[in-house]
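# Coordinate inspection notes
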Amino acid sequence: MNAPLAVLGLIVLCALAAAVTVPALRRSRPDTDAAMTTDDATAAVARFLRAARWLAVPVAALVAVLAFTGLDDAGWLASVVFGALAVVMVVVLAEWSAPKPAPDAVRTAPLTPRDPHEYPGGRRLAVARGAVLFALAVCGLGIALGADDGRSVEVTCAAGAATASPFPGLAVVGPAMAGLVALLSVTEVALGRIARRPRRESAAADDALRSASAALVTRIVAAAGLLVAGAVCGLAAMQLRGLDGPCPAGWRSSAGVALAVLALAALGALGAVVADAVTARVRHTTTRV
Amino acid sequence: MNPPIALRIDTTAAEPPYEQIRAQVVELIASGELLPGTRLPTVRQLAADLGLAANTVARAYRELEQAGAVVTARRAGTRVATPPDSGDYADADAHRVDAAADAYVATIRRLAVDDEAASAAVRRALRRHPAGPSSDR
């Protein structure tokens, strides 16, 4: 399949899947905002956003399976990135279509700006952006080291040549890179949408909902970036170090070690992101109990 | 902790919502609750929170900008304007005086009062409330 077309198709599929499923979730519940108390209305928004988050799981799985099966060698990396993209798109649409306050004649609004970057927190946002940029950088390195066919690595010297595949060259990492760029853009859209969702009277609960959505987005983006970076570094390290042939190991040996260290660092950071998510979940459950 | 400064819009009032937003922001600046440099919410945030069209809020912000009450920069957003240096007052006071004058002018424009009558009304008010020792700067 033509890779650029397939990537475009996957991005459209993510948007379509989110666009079809999230409004259905909205229609399934009657809008009783006008009769609700402030707490009930905030709880209704919370329920809607929670349902949308669960809905993101099958949507992401569907998109990941289609990416995996439709993109040959690139499928395994692309399935991670496009699965994450689908989750973020579902969050965008859920925030956009969340139940809005009933239009009373008298309305109030705080004159305090809501910064899109304040809800995930500076550290989480930096980790998410850093993870995606790191993944893009190692993918770029893979393309630079890879052979012309985009899926192997080749070393030549006076004594002969040696080739190993699969290697994360252009044919393997290209669609994932396109997906990562789209993921960065959609993340900014998502954080903006989270900040702009109409405010509810219960300010603390409202802020907590925004923080939960923003944390989900940044964790998913960070996890996808780190998983791709770790996988690309690990595969490249394995192939560079294991390349048998008449040529001396030379730079390949040190590059392989460096890439293996980077792969371990990426997987360690991924573990920290997962631990952060689990800790937050446990704290949330304890608070509710 | 102080409650956040809020706008209150009555959609059944005779005054259009954009004018209510404009007048309340001017009053908040005049009262010193909104200080120079304070960042205001984006047009889209305020429109979403108030359940109004973005154009309505954009019009209010545009009129505030034309009156010199706020300044909008592409990246910094919309902020309460820093008043020009007026020699006679400290900066914050000058800003409040300008904002109060803006609010007065907006009211007389709405009432279609001509400039001479408006100035005469200010002179009468100044005579009724002569400056005391505390306002001598």
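Since the structure is predicted, the reported quantities are computational estimates derived from the model, not experimental observations.

### What about the overall build of chain A?
Regarding its fold elements, chain A presents seven helices and three strands. Overall, the C-alpha framework of chain A stretches about 85 × 35 × 35 Å when taken along its three principal axes. A burial count over chain A gives 46% of its 289 residues as buried. When the accessible surface of chain A is split by element, carbon and sulfur atoms take 67% of a total near 13,100 Å². Where the 25 positive side-chain charges of chain A centre and where its 19 negative ones centre are 6 Å apart.

### What to know about the interface of chain B and chain A
Chain B puts 23 residues into the contact, and the matching count from chain A is 16 residues. For the pair chain B and chain A, the summed buried area comes to about 1,800 Å², and 56% of that belongs to carbon and sulfur atoms. In terms of surface lost to chain A, no three residues of chain B exceed Arg39(B), Gln45(B) and Asp49(B), which account for 31% of the buried area on that side. Where chain B packs against chain A, one counts one salt bridge. The salt bridge partner of Asp49(B) is Arg114(A), with a shortest N-O separation of 2.9 Å. Between the two partners, chain B and chain A, sit ten residue pairs in polar contact (both at pLDDT 80 or more). The biggest single contributor to the side of chain B that touches chain A is helix H2 (residues 43–50) of chain B, with six residues. Partitioning the side of chain B that touches chain A into residue classes produces 14 nonpolar, four polar and five charged.

### A word on unusual backbone geometry
Residues apart from glycine generally show negative phi values, whereas peptide bonds are mostly found in trans. A cis amide bond, omega 5 degrees, links Ser165(A) with the succeeding residue Pro166(A). Tracing the chain through its elements places Pro166(A) in the loop between strand S3 (160–164) and helix H5 (170–196). The phi angle at Ala112(B) is positive, at roughly 60 degrees, despite the residue not being glycine. Among the secondary structure elements, Ala112(B) is positioned in the loop between helix H4 (91–110) and helix H5 (115–128). We classify Ala112(B) as exposed; its relative accessible area is 68%.

### Observations concerning the nonpolar core
Phe82(A), Leu85(A), Leu180(A), Leu183(A) and Val228(A) are the most contacted members of the largest nonpolar core, which has 83 residues in total. Leaving out residues up to four positions away in the same chain, Leu183(A) has contacts with Ala84(A), Leu85(A), Val88(A), Val221(A) and Ala224(A). Counting residues in hydrophobic clusters, the runner-up holds 24 residues, among them Leu111(A), Ile29(B), Ala69(B) and Val70(B).

### A word on the packing of aromatic side chains
How two aromatic rings sit relative to each other is given by the distance of their centres and the angle of their planes. Taken as a whole and assessed by the stated rule, the structure comprises zero aromatic pairs over all chains. Over the ring of Tyr18(B) we find Arg59(B), and its NZ or CZ is 3.8 Å from the ring centre.

Basis of the calculations
- Residues numbered from 1 in each chain as written.
- Chains lettered and ligands numbered in written order.
- Predicted model: local features only at pLDDT ≥ 70, side-chain atom pairs only at ≥ 80, totals over all residues.
- Heavy atoms only, no water.
- Helix = DSSP H or I, 4+ residues; strand = E, 2+ residues; numbered from the N terminus.
- Buried < 20%, exposed > 50% of the residue type's maximum accessible area, 1.4 Å probe, protein only.
- Areas by Shrake-Rupley, 256 points an atom, 1.4 Å probe, with all protein chains shown as cover.
- Lys, Arg positive; Asp, Glu negative; His and termini not counted.
- Charge placed at Lys NZ, Arg CZ, Asp CG, Glu CD.
- Contact = heavy atoms within 4.5 Å.
- Buried area = accessible area lost by both parts, 1.4 Å probe.
- Salt bridge = Lys/Arg side-chain N within 4 Å of Asp/Glu carboxyl O.
- Polar contact = N/O pair within 3.5 Å; in protein donor to acceptor, adjacent residues only side chain to side chain.
- Nonpolar A, V, L, I, M, F, W, Y, C, P; charged D, E, K, R; others polar.
- Core = buried A, V, L, I, M, F, W, Y, C linked by side-chain atoms within 4.5 Å.
- Phe/Tyr/Trp six-rings, centres within 6.5 Å; stacked < 30°, edge-to-face > 60°.
- Lys NZ or Arg CZ within 6 Å of the ring centre and 35° of its normal.

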